[in-house]
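An overview of the molecular structure
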Amino acid sequence: MPRRISNSQKTMTTVAAWTIGVLIFFPILWIFILSFKAEGDAIGTPLHVISSAWTFDAYGEVQGRSDYFKHFWNSVVLSLGSTLIGLAIAIPAAWSMAFVPGKRTKDLLMWMLSTKMMPAAGVLVPIYLIFRDLGLLDTRIGLVAILTLVNLPIIVWMLYTYFKEIPGEILEAARMDGASLRSEILYVLTPMAIPGIASTMLLNIILAWNEAFWTLRLTAASAAPLTAFIASYSSPEGLFYAKLSAASVMAIAPILIMGWFSQKQLVRGLTFGAVK
Amino acid sequence: MVSPAVAVLLIWMIVPLAMTIWFSFQQYNLLYPDRTGFAGIENYYYFITDFRFQPAIWNTLRLVLGVLAITTIGGILLALLLDQPFWGQGIVRLLVLAPFFVMPTVSALVWQNMFMDPVNGLFAHIAKAFGGDGYDFLGQSPLMSIIIMVAWQWLPFATLILLTALQSLDREQIEAAEMDGASVWSRFIYIILPHMTRAITVVILIQTIFILSVYAEILVTTNGGPGTASLNLPFLVYLASIVDNDVGMGAAGGVIAIILANIVAFFLMRAIGKNLEH
Amino acid sequence: MGQITLSKVVKQFGEVTVIPPLDLEINEGEFVVFVGPSGCGKSTLLRLIAGLEDTSAGSITIDGVNATDLPPAKRGLAMVFQSYALYPHMTVRKNIAFPLKMAGMSPEEQEKRVKAAAGVLNMNKLLDRRPGQLSGGQRQRVAIGRAIVREPKAFLFDEPLSNLDAALRMGMRLEITELHQRLKTTMIYVTHDQVEAMTMADKIVVLNAGRIEQAGSPLELYKNPKNIFVASFIGSPKMNFVGGQVAKYHNAATIGVRPEHVMLSTSSGPWKGTVGVAEHLGSDTFVHVNTEEAGTITARISGEVVVKHGDTVWLTPMPDKIYRFDAEGVAI
């Protein structure tokens, strides 16, 4: 029985929650507003910013100043590429660990998790040198490989926890119903696993999209994704608030929307199933 | 079917790790390619006695503790608030969650320029409106500024996880405690907090792992400065190996960073491992 | 069709023996109920017959064919699971048709059979819903539907009613019994509820620690339990057991008398005692009496009796309804 709450109490909570929610969200809202302003107006007082004219100029200039869409495309390739390769490696692994667990399965999972604990700075030197010697610096292939490895433990873990939730009785029912291993996988397991695989994919795209150590260190110009492109605004020339805002809005909007859709799975993925 | 995953992770784990350890005992400076050979613990010695090392360690610690304090306490309070019934719960949840999806470089640059800039930042405008002066956040309190940026990004994470944990609490337990005469405060201390302990532990440990390696925020804002005021360990490793070209010393710093992270990882793994039991 | 023979079947999980060598004959068309406390091996036995578990030794014969090493699908049996195990991503129609699709049946034939099964189970309107949109009882029906379309040699039920509430459980109990009468197919049904066993079975198999304590018709087990375990498991409220002097008088280590075979009097009888609790059910009254001679005895009195806590009463066991057991608990 849900408890009845007085309306005044609910009103107070509503006001408090909305105030805090808007405050936390405000920086994002603010750059959204600034991105539709002229550079001269964007540095004005908040009142001036709000009352000044709206324009799409900044979005055009971002592309003009440097090849924005090349970097956007790089981000897409890196996050999608690393996610798909990661899934291709992780699905069979998680699958067999969940459905045919051995004595060492638990240790194996913990060990995979431990690789995620390795600080990037700790292996920066050798990775940098390997990349330099193999000619992988500033290439998309190199970065896809690194991002795949960095996030593989999370993919395996998330998939494992999802697969684990498929009840054994369903598989037994399928076997009783005469399904061969192939039909069992095709008609029963896969359809049931797809939601889990989809949310794993979503979360991993988000993580790869926002990764900001390797993408900054191992790229220069041609393979640089948005993280690195935005970083170039740290040494600005002239007025740049509106342009930075426009570039930022475009960089975070797609991932923000994906993130909002995957909020439930986020908890599971980032806590390795420890909190659901 | 596990083998491909194991193989790539094994290579990913062992090769760079072995190389880092190997380099850390070698004389290897890209500027002086002729000086090679075994260096003993020289790299470690130079890294630890470098004038930047102590500030870097302290800053790393302050950064981690500062962000943890803000996000954990803030996260608990926010989770408690968002768990109450109110109008527009779903939307507020989305608003609170949003900063987590902002890439670190965007977050750092936006805070640095649009908010903390002493002339054109929003805070400066507000200060001026009240007759004050713009405060040079990144010049005067660089580490604090970075703590704020990082905390803004991680507060949603803590809130979301703690809220999830809170929502899994059996309402009847709370009602039973109420029947037993427990006040709001006692219910929080004796029922809610113990229920959230595991989630809090996980939040703290996971954040520690990530915040120990904060890098992008420093790179695009202060570059570790002024002086060493906002330098942390990963950034010092980057400075030593990439900027100063001293591969040996950078590797030694890397080994130290790995040891530090492993101490935290040990406890995190135990917390997560317990979850596998059932 | 539907004759199953288990001979010397053994099941071990690692070092632990769950089923010691066990023989059992299930006749064609019989409704057999495996009953016993949790952990007695009844579900394991069912799964051995289904082929979901491998036997460690012994053989299982279905309709004269040695099925010991056949995979589940090849045994021609259908199973209804405790959790129903419906495929959540398929509609009811597809769930029911799944075994037919696996058997390579044409879509037209599938549809015909699904329609027929839906008619039998009265769920034509539910065919396009998904399991998530169904109530517990409806899911149960779909699970049964999925079993009957295959026209199996035997149905296996693994505690199918344990997730339903009391009212629904009674309804489904009737439905399954009616289904059996209509289809006349062998059914093997696992439960821990002796009421289900008594009401549904042609033959009850009482299991304890993997062994068959007794197998027989419900009334046979009720009237002639082979030992204390069976006697205490079958019948509700439970049989009263008395040891000591009283038992010795009857030349037994323990005697048992069912509550319905205890007469209650407010004036005289061999066992004097005071009423502890009287449960008034309307049709019956269960009176729990603390006696000096025989300990606490439950009496089931037909209709309403006016006794209350603290009253002094006298109990008389019906002399021809006293069960006698030796020191090992075996009926004499």
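Shown above is the structure to which this text applies.
Presented here is a report on the structure given in the accompanying data block. The model shown is predicted, which means the values in this text are computed figures rather than measured ones.

**Overview of the interface of chain C and chain A**
With 26 residues of chain C at the interface, the matching set in chain A holds 15 residues. Buried area between chain C and chain A, summed over both chains or domains, comes out near 1,700 Å², and the portion from carbon and sulfur atoms is 63%. Among the residues chain C hides against chain A, the three largest losses belong to C:Tyr87, C:His89 and C:Met102. Together they make up 28% of the total. Where chain C touches chain A, the interface holds two salt bridges.

**Things to note about the packing of aromatic side chains**
For the structure on display, the rule yields 45 aromatic pairs over all chains. A centroid spacing of 5.8 Å and a plane angle of 65° characterise the contact between A:Trp95 and A:Phe99, whose relative ring orientation is edge-to-face. You can see A:Trp95 and its partner A:Phe99 sitting in helix H5 (residues 68-99), four residues apart, about one turn around the helix. On the accessibility criterion, A:Phe99 (25% relative accessible area) is partly exposed. Among the aromatic residues, those joined into a ring-pair cluster are A:Phe26, A:Trp30, B:Trp111, B:Phe115, B:Phe123, B:Tyr135, B:Phe137 and B:Trp152. Across from the ring centre of A:Tyr187, 4.0 Å away, lies the NZ or CZ of C:Lys101, which sits over that ring. Sitting over the ring of C:Tyr87, C:Arg146 keeps its end group 4.7 Å from the ring centre.

**A few points about the sheet that holds strand E8 (residues 186-191) of chain C**
Residues and elements named next belong to chain C. Read from one edge of the open sheet, six strands run E6-E7-E8-E3-E9-E10, paired in mixed fashion. Edge positions in the sheet fall to strand E6 (77-80) and strand E10 (211-216), since each of these pairs with one other strand and no more. Going across the sheet, the axis of each strand differs from the next one's by a mean of 15°, ignoring polarity. Examined bridge by bridge, E6 and strand E7 (residues 154-158) share four bridges and lie parallel to one another. Among the inter-strand pairings, alanine 78 is bridged to a residue of E7, identified as phenylalanine 155. With respect to the sheet, helix H5 (residues 166-183) is in contact with strand E3 (31-35), E7 and E8, its orientation differing from that of E8 by roughly 160°.

**Examining the side chain of B:Asn59**
All names here are of chain B. Within the secondary structure, asparagine 59 sits in helix H3 (residues 53-83). Given a relative accessible area of 4%, asparagine 59 falls into the buried group. Side-chain polar atoms of asparagine 59 contact the backbone oxygen of alanine 229, separated by 3.4 Å.

Parameters and conventions
- Residues numbered from 1 in each chain as written.
- Chains lettered and ligands numbered in written order.
- Predicted model: local features only at pLDDT ≥ 70, side-chain atom pairs only at ≥ 80, totals over all residues.
- Heavy atoms only, no water.
- Contact = heavy atoms within 4.5 Å.
- Buried area = accessible area lost by both parts, 1.4 Å probe.
- Salt bridge = Lys/Arg side-chain N within 4 Å of Asp/Glu carboxyl O.
- Phe/Tyr/Trp six-rings, centres within 6.5 Å; stacked < 30°, edge-to-face > 60°.
- Helix = DSSP H or I, 4+ residues; strand = E, 2+ residues; numbered from the N terminus.
- Buried < 20%, exposed > 50% of the residue type's maximum accessible area, 1.4 Å probe, protein only.
- Lys NZ or Arg CZ within 6 Å of the ring centre and 35° of its normal.
- Pairing = 2+ DSSP bridges.
- Axes fitted to C-alpha atoms, helices over the stretch in contact; angles between N-to-C directions.
- Polar contact = N/O pair within 3.5 Å; in protein donor to acceptor, adjacent residues only side chain to side chain.

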